[in-house]
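# Observations on chain architecture
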Amino acid sequence: MDPIIDISQLTMRFRRCHALRGVDLTIPAGTVFALLGENGAGKTTMIRILTGFQKPTSGTCRACGLDPTRDAQQIRRRIGYVSDSPPLYDWMTVSQIGGFAGSFYENSFWPTYEDLCKRYQIQMDQKVKHLSKGQRAKVALSLALAHDPELLIMDEPTSGLDPKVRRNFLESMIDRAATGRTVLLSSHQINEVERVADHIAILHQGKIRLVGALDTIRASIQQVTINLDDPLRTIPTFSSGAEVLSEERSGRSVQMYLQDSQPNDMAQLRDLSGVVSVNHRQATLEEIFVACTTDDGPSFGQHTKPYDEQELGDTETHDALWASSR
Ligand SMILES: Nc1ncnc2c1ncn2[C@@H]1O[C@H](COP(=O)(O)OP(=O)(O)OP(=O)(O)O)[C@@H](O)[C@H]1O
């Protein structure tokens, strides 16, 4: 099946910053896909490009088989979109705004919109300007969902919602995906994402740092704590090809997040002279997020040679290892 979203080498350069730097991403249909990233990572920019509100500097993207730079109107009819600050006409009532939006869609829009507003306990005759922040978010969601879009794109959808509505709303996203529709949401709420998303991407400084099925990602990343007899000892690269996502040292203790490690890696670590102990466990999504978005992370240069070529360095060889990595 064709992906519902297909992005290739997407770049967005603003005058003062590079918001996206060659992003490649495909999103399969029928998934709840979460785009995670810190403030300023480029999430909203990517969503604005996908929905045709922003033209990219270079690269290509398709949503529902359409090119947002050419078919922006068509895409907006096909998808549901909730922005991080939904622009609603303040002078309209909830009913009027639904009637206005519904004029762009099929007749089924209105009864669904009414039903959603009722479920969210929003009064149809209330003026939009008198709604609370959470009530505005509920109206925006009702407007985005009422035409039952095959792709729902939401930027921070649950901000402003109370915990009960939040939970119900997120659970309803799983039900949507089960019927073959796709949900793309950007969020900072790792715990929430963990409950509903089946695929994730972590965006860091305009680049995709990690992408895939959530279960696969979780199973592939280990938190490893190594206790050394000397704080200046270095740790060689892993011959299995396991990637160090981040590394933090505190005295004689080294904590690293390791992707695609093999059981043999731990055995090899334990066998190295200078290693006092090695503990490892599966990393949580929050830990994975922090590891992928920390810049002072891996001192990659220190991991210079595979185990089979290099014994764990002692204090004297530390500088030599650095030199060989440059
Ligand atoms: N129209 C614009 N003009 C100039 N710079 C912009 C514009 N829009 C976004 N940026 C910059 O692009 C970068 C990415 O912004 P973006 O809004 O995509 O981040 P984000 O991941 O959505 O962040 P947040 O989680 O804080 O909403 C930021 O450095 C931002 O200042």
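For the structure itself, look to the data block above.
My aim in this report is to walk through the structure given alongside it, one point at a time. These numbers come from a predicted model, not from an experiment.

### Regarding the sheet that holds strand E13 (residues 275-282)
The sheet built from four strands is open, its strands ordered E11-E12-E10-E13 with antiparallel pairing. Each of the sheet's edge strands pairs with one partner strand only, and the pair in question is strand E11 (243-250) and E13. When the angles between neighbouring strand axes are averaged without regard to direction, this sheet yields 20 degrees. Sheet topology note: the strand E10 (residues 221-228)/E13 ladder contains seven bridges and is antiparallel. When the bridges of E13 are listed, Ile-226 appears paired with Val-278. Sheet strands touched by helix H9 (residues 263-271): E10 and E13. Its angle to E13, the strand with the most contacts, is close to 160 degrees.

### Regarding the pairing of strand E3 (residues 32-37)
For E3, the buried fraction is high: six of the six residues fall into the buried class. By the alternation rule, side chains of E3 split into Val-32, Ala-34 and Leu-36 and Phe-33, Leu-35 and Gly-37, which are all buried. In this structure, E3 lies alongside strand E7 (residues 182-187), joined through five bridges in parallel fashion. Residue pairing in the sheet places Ala-34 in a bridge with Leu-185 of E7. Inspection of the sheet shows E3 paired to strand E8 (residues 199-204) by five bridges, in the parallel sense. Directly across from Gly-37, in E8, lies its bridge partner Leu-203.

### Details of the site of the ligand
Within the structure, the ligand sits among Phe-14, Cys-17, Ala-19, Gly-37, Asn-39, Gly-40, Ala-41, Gly-42, Lys-43, Thr-44 and Thr-45. When residues of the shell around the ligand are assigned to their parent elements, the largest contribution, three residues, is made by helix H1 (residues 43-50). Here the residues of the shell around the ligand are counted per class, giving four nonpolar, six polar and one charged.

### Some words on the sheet that holds strand E9 (residues 207-213)
If you trace the six strands from one edge of the open sheet to the other, you get E5-E6-E7-E3-E8-E9, paired in mixed fashion. If you trace the sheet from one side to the other, it starts and ends with strand E5 (79-82) and E9, each paired once. Ignoring which end each strand starts from, the neighbouring axes of this sheet average 15 degrees apart. Direction of pairing for strand E6 (residues 151-155) relative to E7: parallel, over a ladder of five bridges. What sits directly across from Leu-152, in E7, is Val-183. Sitting on the sheet, helix H6 (residues 163-178) touches E3, E6 and E7, and the angle it makes with E7 is about 145 degrees.

What counts and how
- Residues numbered from 1 in each chain as written.
- Predicted model: local features only at pLDDT ≥ 70, side-chain atom pairs only at ≥ 80, totals over all residues.
- Pairing = 2+ DSSP bridges.
- Helix = DSSP H or I, 4+ residues; strand = E, 2+ residues; numbered from the N terminus.
- Axes fitted to C-alpha atoms, helices over the stretch in contact; angles between N-to-C directions.
- Contact = placed C-beta atoms within 7 Å.
- Buried ≥ 20, exposed ≤ 12 C-beta atoms within 10 Å, placed from the backbone.
- Near = placed C-beta within 6 Å.
- Nonpolar A, V, L, I, M, F, W, Y, C, P; charged D, E, K, R; others polar.

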